[in-house]
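# Descriptive analysis of the structure
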Amino acid sequence: MKKYILLSLCLMTLSSSFAQLKDFKFKFYGQIRTDFYYNSRANEETVDGLFYMYPKDEVLDGNGEDLNATSNSNFYTLYSRLGLDVAGPKLGTAKTSAKVEVDFRGSGTSYSTIRLRHAYFNLDWGKSAVLVGQTWHPLFGDVSPQILNLSVGAPFQPFSRAPQIRYRFNNKHLQLTGALVWQSQYLSQGPAGKSQEYIKKSNIPEIYVGADYKNGGFLAGAGIEMISLKPRTQSSWEEKTFDPTTNGTISIPHTYKVDERITTLSYEAHVKYTNKNWFIGAKSVL
């Protein structure tokens, strides 16, 4: 209970402090987006088909007919969005800014409800900057397909917005990025399905380090990410034993504490050249 009271007091103090500051600039933006899609066959997809990934393989029935050769279509306005950009006053020598953006995609299989896309504040000292909040995962990067479909290259292109603390250093043509990343809407898969518990119990956020070289319209870079998860903390099994009172077999459940961890690395490299009217890019993720 004490920590909630302390948090409330901190928020009240921050609110009263910022209320006395001037030179805030606000920019509201948004879009009304309607998406109609038609597919000639069944596909791997999410959001009821609105987020398309790839067509399913043939599955033949007893008559040799493809069960996945079925057309489908729908119409949605889920990705209409509203946003607010804030340019704040200087905090010491740092320029302050913030962003909040929402759409109506919902989460899981719940659609047409408000979903948080971006929510962060940024401190910029010129050559270096610190961002705290939710925005694109660093692996998403600055290189992705520019298409009308919402998937922008998924499942090959990492697609995730995540809470993070990100530091960037810029020196002429070089940009260095380091980030600590947690999970919110896009979760790891494990023994209990998709869950935030694996990284929550790990106590270690995802760690990303990357570098980019920029010169005019040319961009090239690479990054590496480490994720360390605890898939489970308990192991349960049943012991089969003979019960003399019933002359039958009974099951005795056992549950033990376990200490398991899975740590993996992901790598990515990208290159892009942008002209006035076109661009060409390539990206590899391992």
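A few points on the structure.

Looking now at the pairing of strand β17 (residues 248-257). In the case of a regular strand, side chains alternate between the two sheet surfaces. Relative to β17, strand β16 (residues 234-243) runs antiparallel, the two being bridged by 10 bridges. Pairing of F242 across the sheet is with T249, part of β17. Following β16, the chain reverses through 4 residues before pairing antiparallel with β17; N247 in that reversal takes a positive phi of roughly 55 degrees.

Taken together, the side chains of E44, E45, D48, D57 and E58 define an acidic patch exposed on the protein surface. Its place among the elements puts D48 in the loop between β3 (43-46) and β4 (51-55). The class of D48 is partly exposed, set by a relative accessible area of 38%.

So, on to the sheet that holds strand β8 (residues 115-124). Spatial ordering of the open sheet is given by β1-β6-β7-β8-β9-β10-β11-β14-β15-β18-β19, a layout of 11 strands whose pairing is antiparallel. Two strands bound the open sheet, and with one partner strand each, they are β1 (25-31) and β19 (279-285). Neighbour-to-neighbour, the strand axes of the sheet open up by a mean angle of 15 degrees, direction not taken into account. For strand β10 (residues 161-171) and strand β11 (residues 174-181), the ladder comprises 8 bridges, and the chain directions are antiparallel. Counted as the bridge partner of N170 is Q175 from β11.

What counts, and where the lines are drawn
- Residues numbered from 1 in each chain as written.
- Predicted model: local features only at pLDDT ≥ 70, side-chain atom pairs only at ≥ 80, totals over all residues.
- Heavy atoms only, no water.
- Pairing = 2+ DSSP bridges.
- Helix = DSSP H or I, 4+ residues; strand = E, 2+ residues; numbered from the N terminus.
- Patch = residues over 30% accessible without salt bridge, like charges linked within 9 Å, V, L, I, M, F, W, Y side chains within 5 Å.
- Areas by Shrake-Rupley, 256 points an atom, 1.4 Å probe, with all protein chains shown as cover.
- Salt bridge = Lys/Arg side-chain N within 4 Å of Asp/Glu carboxyl O.
- Lys, Arg positive; Asp, Glu negative; His and termini not counted.
- Charge placed at Lys NZ, Arg CZ, Asp CG, Glu CD.
- Buried < 20%, exposed > 50% of the residue type's maximum accessible area, 1.4 Å probe, protein only.
- Axes fitted to C-alpha atoms, helices over the stretch in contact; angles between N-to-C directions.

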